[in-house]
Amino acid sequence: MSKNLKAIFIFSLIGLLFSGYLTFTKLILGNCPLTEGCPTFLGYPACYFGFVLFLILFTISISALLELNKTKLKLLIYISLLSIIFATYSTIKEYVSPSCLNGVCDYSLLLPTCVYGLAIYLVIFILSLITLKELN
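Residues numbered from 1 in each chain as written. Predicted model: local features only at pLDDT ≥ 70, side-chain atom pairs only at ≥ 80, totals over all residues. Heavy atoms only, no water.

(A) Here's a closer look at the overall build of the chain. In terms of helices and strands, the chain carries four helices and two strands. Counted from the first residue to the last, the chain has its helices and strands arranged as α-β-β-α-α-α. Out of the 136 residues belonging to the chain, those deemed buried represent 43%. In the chain, the proportion of contacts linking residues at least 24 apart, taken out of those at least 6 apart, comes to 75%. (Helix = DSSP H or I, 4+ residues; strand = E, 2+ residues; numbered from the N terminus. Buried < 20%, exposed > 50% of the residue type's maximum accessible area, 1.4 Å probe, protein only. Contact = heavy atoms within 4.5 Å.)

Printed below as a string of structure tokens:
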């Protein structure tokens, strides 16, 4: 079993928990956590989409841990690439047109949460590419 695959699983779990917290807070409490704005995509908070994307990556990573093949790695690559595009869009949108009160954001984690999701997606993408290359 590849150590990269274990890392992919761990990073997808971290992303799932982080985006799950953001989604839960928005759904249940009705506001975005961490004293920052809540960028939207297609009229819904971006964290909802991030949660779904991380859930898909998490599910595929579990499946790949059980039985590794090129198809699962390619799925990880494609979904993480789509996720990178989504998170980049959300990050740019948050910087260009902040969704915070009066357009001024106080990021309690120093950066918008989309940036952290983007970083995790990038790690998963890179590790998936490396793992696929090792299989060839």
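(B) Quick look at the nonpolar core. Residues Leu-5, Ile-8, Phe-54, Leu-57, Leu-76, Tyr-121 and Ile-124 are the most contacted members of the largest nonpolar core, which totals 25 residues. Contributions of two or more residues to this core are made by helix 1 (3-29), helix 2 (46-66), helix 3 (70-96) and helix 4 (113-135). Leave out the neighbours within four places in its chain, and Tyr-121 touches Gly-50, Leu-53, Phe-54, Leu-57, Ser-80, Ser-83, Ile-84 and Ala-87. (Core = buried A, V, L, I, M, F, W, Y, C linked by side-chain atoms within 4.5 Å.)

(C) Focus on the environment of Leu-127. Mapped onto the elements of the fold, Leu-127 is located in helix 4. Once residues within four sequence positions are removed from consideration, Leu-127 is found in contact with Asn-4, Ala-7, Ile-8 and Phe-11.

(D) Summary view of the packing of aromatic side chains. Taken as a whole and judged by the stated rule, the model has six aromatic pairs. Each ring, one from Phe-41 and one from Phe-86, has its centre 5.3 Å from the other, and the planes form 80°; the classification is edge-to-face. Of this pair, Phe-41 sits in strand 1 (residues 40-41) while Phe-86 is found in helix 3, placing the two residues 45 residues apart along the sequence. Here Phe-86 falls in the buried class, since its relative accessible area comes to 12%. (Phe/Tyr/Trp six-rings, centres within 6.5 Å; stacked < 30°, edge-to-face > 60°.)

(E) Representation of unusual backbone geometry in the model. One non-glycine residue, Leu-42, adopts positive backbone phi at about 55°. With respect to the helices, strands and loops of the structure, Leu-42 is situated in the loop between strand 1 and strand 2 (44-45).

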